[in-house]
Amino acid sequence: MYRLEKMAGVQPPPLRSLDDFLLCSARFATPDVRNLDRWNNRIINNLLYYQSNYFLCVLGFLLIVGYFEPFQLFTGMTVVTLLFAGFVWAAENQAPIRRFRRNHPTVSMLAILVASYLFISVLGGVAVFLFGIAFPIFMVLIHASVRLRSLKNKLENKLESIGLKRTPMGILLEALGQEQEAGS
């Protein structure tokens, strides 16, 4: 029941134009790796703002890989989903895990991906996992890291952070313990 209440009022965000996402008006810069808080903030806010574009890119890549290796892709997606759900459940019910998730979000995500990789390597389909699941996630994180934020991006993120809008990416970031970061 609790999860259904969280899903109430979720709005799919608009698809951003290709010009804004990648082409002429898009501004890119390498992140300042010495300031990890600022880099993390940029990633989270870009994930929120471009989430529909990211979803379509990942879905397109998954469809291509799924066309060639459907069973292995399904196996990989199932393993990652189960491990992620188990991690979120454990983080919600165990205080030490919740603190670790909040303090080390990158390590938490890497732990899920490494555990998925190890489990799938036992089952087979490692290449499908790497190219079908991990590669699109890697590309999304690269774009979110180097894409500079615009004024519209900052406004949309502020609406998400104060609770006026609920989006799927906002719920995912909340599950990863990053809700306090969004919109800052």
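Cut-offs applied
Residues numbered from 1 in each chain as written. Predicted model: local features only at pLDDT ≥ 70, side-chain atom pairs only at ≥ 80, totals over all residues. Heavy atoms only, no water. Helix = DSSP H or I, 4+ residues; strand = E, 2+ residues; numbered from the N terminus. Buried < 20%, exposed > 50% of the residue type's maximum accessible area, 1.4 Å probe, protein only. Contact = heavy atoms within 4.5 Å. Areas by Shrake-Rupley, 256 points an atom, 1.4 Å probe, with all protein chains shown as cover. pLDDT = per-residue confidence, 0-100. Core = buried A, V, L, I, M, F, W, Y, C linked by side-chain atoms within 4.5 Å.

Draft legend 1. Expanded view of the overall build of the chain. Across its full length, the chain holds ten helices and zero strands. Each helix and strand of the chain, placed in order from N terminus to C terminus, yields the pattern α-α-α-α-α-α-α-α-α-α. For the chain, the proportion of its 184 residues judged to be buried stands at 38%. Restricting the contact set of the chain to residue pairs at least 6 apart, pairs at least 24 apart contribute 78%. On the chain, roughly 11,000 Å² of surface is accessible, and the fraction owed to carbon and sulfur atoms is 71%.

Draft legend 2. Just the confidence of the model for the chain, in detail. Per-chain confidence: the chain averages 78 in pLDDT, with 83% of residues scoring 70 or above. Mean pLDDT per element in the chain: helix α1 (residues 2-7) is the minimum at 53, and helix α4 (residues 51-68) is the maximum at 90. Low pLDDT, under 50, characterises residues 180-184; the predicted model gives this stretch 16 contacts beyond four residues in sequence or across chains.

Draft legend 3. Focus on the nonpolar core. The biggest cluster of nonpolar side chains holds twelve residues, and these are Phe21, Ile43, Ile44, Leu47, Leu48, Tyr49, Tyr50, Tyr54, Val140, Ala144, Met169 and Leu173. Sort the elements by how many residues they give to this core and helix α3 (residues 36-49) lands first, with five residues. Not counting the four nearest positions on each side in its chain, Val140 is found in contact with Leu47, Tyr54 and Val58. Formed by eleven residues, the second largest nonpolar core is a distinct cluster that contains Val65, Leu113, Ile120 and Ala134.

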